[in-house]
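Here is how the chains run, residue by residue.
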Amino acid sequence: MSFIRTSVTGAVGEIVLDRPKALNALDQSMIDDMYAILVEWGDEDAIETVLVTSASPRAFCAGGDIRAIREFAIAGDTAAITRYFSSEYRLNQLIAEYPKPYIALIDGAAMGGGLGISVHGELRIVTQNALIAMPETAIGFFPDVGATYFLPRLPEGVGRWLGLTGARIRGSDAVAVGLATHFVPAEQLPTVAQQIREGVDLVDVLADHRAPVTTDLPLVTIASYFPSDAEPVSILGGLRGAVGDQWAAEMADLLDAASPTSLDVTAALLAAGEQSSLAECLERELHAAEQITGTNDFREGVRSVLVDKDRNPSFVPPTLDGVDSAEVARISGAE
Ligand code: QUE
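For clarity, every value in this text was computed on a predicted model and none was experimentally measured.

Criteria and thresholds
- Residues numbered from 1 in each chain as written.
- Predicted model: local features only at pLDDT ≥ 70, side-chain atom pairs only at ≥ 80, totals over all residues.
- Heavy atoms only, no water.
- Buried < 20%, exposed > 50% of the residue type's maximum accessible area, 1.4 Å probe, protein only.
- Helix = DSSP H or I, 4+ residues; strand = E, 2+ residues; numbered from the N terminus.
- Arc of directions from axis to C-beta.
- Contact = heavy atoms within 4.5 Å.
- Core = buried A, V, L, I, M, F, W, Y, C linked by side-chain atoms within 4.5 Å.
- Pairing = 2+ DSSP bridges.
- Axes fitted to C-alpha atoms, helices over the stretch in contact; angles between N-to-C directions.
- Phe/Tyr/Trp six-rings, centres within 6.5 Å; stacked < 30°, edge-to-face > 60°.
- Lys NZ or Arg CZ within 6 Å of the ring centre and 35° of its normal.

Digging into helix α11 (residues 232-241)
Turning to α11, its buried residues are P232, I235, L236 and L239. Looking down the long axis of α11, one finds its buried residues gathered within 95 degrees of arc, a one-sided arrangement. In the core, the buried residues of α11 are packed alongside α6 (158-165), α10 (219-225), α12 (246-257) and α13 (260-273).

This is the structure we're talking about:
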């Protein structure tokens, strides 16, 4: 029993994510199976294009198997944690270097690890149902899967905004900021998928079906509240000081709900990622993932969001002013 299905139609290899009960969250077997088939197809002359789709009407992929990681952490099984993240990040790197067009069709939630198996690919086609986020600070983790590489490369402030608050954006917004490459109305997505399988030239497929996008994202506001050199504590102060700005108040609430240590670790990793290659970012993320999964905030964040679902975590320290900078340096590995 596998949670991915693979097939070949003509010169197109297709991977269907098929773990609908977990919104296609990537477990170890899915990561291993995806990596193996991508390596195989990369070397096979008969395969020209790889297409990744979802069997779930709700999600492309909700993230990683973070509940299992929490269980490993509680059991002290650090080897299983290292194995999970190193194989996930190796898959992200393979997709980034893939020698053939890699096309993800995103018609639902794509969060955390779901972005890791799409954003690094050449084409990310989204619909109005796409819901995109890096929500890890809420669970005492940090935006990984290469996010410390791709977030700092988005328009001014956007990566820090998404990575710190975990804010969710729609498909059209994802195209506007560069996380996605094309927008297609959901009604036309089955036709687009079929034409790709039939080998219709991608330029022609997209010319026929893509729709122009508009975005409501307050990009100027985002740039002003999330300047590239600001610490989370000053970002939060700026948002709280903006009396009467509803958007700023909502973003401050998201930061308040996150693990304070995660926020500072995320800021440090995003700053370090600005000057690093994807491979360097993934290596730094692996270190940080190994460290942060051993903390109270990770066990507590996953418990509150994914296990008990009370959304009432007891993070320690509870606010940004109490965060220990030596602990942040230890976790992030970024001095
Ligand atoms: C942060 C995360 C994840 C998350 C929520 C966060 C994550 C993840 C899931 C998730 C959601 C629904 C499921 C599931 C997992 O939620 O990585 O199995 O059914 O996988 O705030 O990083």
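Focus: the nonpolar core
Counting 88 residues, the largest nonpolar core has I15, I117, W161, L179 and L239 as its most contacted members. With seven residues, helix α3 (residues 78-96) is the largest single contributor of residues to this core. Core analysis: the second largest hydrophobic core is formed by 13 residues, L123, L189, A193 and L206 among them.

Re the environment of T221
Within the fold, T221 resides in helix α10. Residue classification places T221 among the partly exposed residues on the basis of a relative accessible area of 26%. Counting along the chain gives 131 residues from T221 to R90, while the straight-line C-alpha distance between them is 36 Å.

So, the sheet that holds strand β10 (residues 182-183)
With mixed pairing, six strands are arranged side by side in an open sheet as β1-β2-β3-β5-β7-β10. Since the sheet does not close on itself, it has two edges, and those belong to β1 (4-9) and β10, each with one partner. Bridge count between strand β3 (residues 49-54) and strand β5 (residues 102-106): three bridges; the pairing is parallel. Each bridged residue has a counterpart across the sheet, and for V50 the counterpart in β5 is Y102. Lying on the sheet, helix α9 (residues 202-209) is in contact with β5, β7 (123-126) and β10; it crosses β7 at an angle near 25 degrees.

Quick word on the sheet that holds strand β8 (residues 131-133)
One open sheet holds the four strands; their spatial order is β4-β6-β8-β9, and the pairing between them is mixed. Whereas interior strands pair on both sides, the edge strands pair on one side only; in this sheet they are β4 (59-61) and β9 (169-170). Note: strand β6 (residues 109-111) against β8, three bridges, orientation parallel. Each residue of the ladder has a partner; that of M111, found in β8, is A133.

Here's the deal with the packing of aromatic side chains
Throughout the structure, instances matching the rule amount to eight aromatic pairs. Aromatic pair Y98 and Y102: ring centres 6.4 Å apart, planes at 70 degrees, arrangement edge-to-face. Grouping residues by exposure puts Y98 and Y102 together as buried. Among the aromatic residues, those joined into a cluster by ring pairs are Y84, F85, Y89, F141, F142 and F298. For the cation-ring pair, R19 lies above F3, with the distance from its terminal atom to the ring centre recorded as 5.1 Å. The ring of Y149 carries R153 above its face, with NZ or CZ at 3.9 Å from the centroid.

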